[in-house]
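Okay, here's what each chain looks like letter by letter:
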Amino acid sequence: MIIGSHATMYSARADEDRAFLRDTLGLSAVDAGGGWLVLALPPAELSVHPAEAVPRGDLADLVELYLLCDDLDATIAELRDKGVDMSGEITDEGWGLVTSIPMPGGARLGLYQPRHPTAH
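Notes on the structure follow. (Residues numbered from 1 in each chain as written. Predicted model: local features only at pLDDT ≥ 70, side-chain atom pairs only at ≥ 80, totals over all residues. Heavy atoms only, no water.)

Further remarks concern the overall build of the protein. Helices and strands together make up the secondary structure of the protein, namely two helices and six strands. Reading the helices (α) and strands (β) of the protein from amino to carboxyl end gives α-β-β-β-α-β-β-β. For the protein, contacts bridging at least 24 residues in sequence account for 40% of all contacts bridging at least 6. Carbon together with sulfur atoms contributes 54% to the accessible area of the protein, which is approximately 8,800 Å² in total. (Helix = DSSP H or I, 4+ residues; strand = E, 2+ residues; numbered from the N terminus. Contact = heavy atoms within 4.5 Å. Areas by Shrake-Rupley, 256 points an atom, 1.4 Å probe, with all protein chains shown as cover.)

Attention shifts here to the environment of Ile 101. Structurally, Ile 101 can be placed in strand S5 (residues 96-102). Expressed as a C-alpha distance, the spacing of Ile 101 and Ile 76, which sit 25 residues apart in the sequence, is 8.9 Å. In this structure Ile 101 touches Phe 20, Leu 25, Leu 67, Leu 79, Val 84, Met 86, Ala 107, Arg 108, Leu 109 and Leu 111, once residues within four positions along its chain are discounted.

To continue, consider the packing of aromatic side chains. All chains considered together, the criterion is met by two aromatic pairs. Here the aromatic rings of Tyr 66 and Tyr 112 are separated by 5.8 Å at their centres, their planes lie at 80°, and the arrangement is edge-to-face. Of this pair, Tyr 66 sits in strand S3 (residues 66-68) while Tyr 112 sits in strand S6 (residues 108-114), and the two are 46 residues apart along the sequence. Since its relative accessible area comes to 34%, Tyr 66 is described here as partly exposed. On the basis of relative accessibility, which here comes to 10%, the residue Tyr 112 falls in the buried class. Between Trp 95 and Tyr 112 the ring centres are 5.0 Å apart and the planes differ by 85°, which places this aromatic pair in the edge-to-face class. Of this pair, Trp 95 sits in the loop between strand S4 (91-92) and S5 while Tyr 112 sits in strand S6, and the two are 17 residues apart along the sequence. (Phe/Tyr/Trp six-rings, centres within 6.5 Å; stacked < 30°, edge-to-face > 60°. Buried < 20%, exposed > 50% of the residue type's maximum accessible area, 1.4 Å probe, protein only.)

What follows is the structure, given as structure tokens:
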């Protein structure tokens, strides 16, 4: 029934963010027509967290995207070698080590090394 998932990001600098995802993070891409890139994501998981309210608006609008890695320090070093400013804080949440990747358009992608079982 379900064959995959498709996430959408919005950006004032979409071309730069697409290039960053393709060239810096190494995500493969296809041209869906007219130069519109659709990028392949690694295997994905979905978790549903309980909440009655969220600090940023309507609960129905809250979705976050995190990329997973198996070694956060090595991933940060690799991204720094590619010129990414990985000076953000790393937090130990118990279930994983967490930081974020700054995008050219201003958004931040979550990045974490899980300490919990993963679905893949």
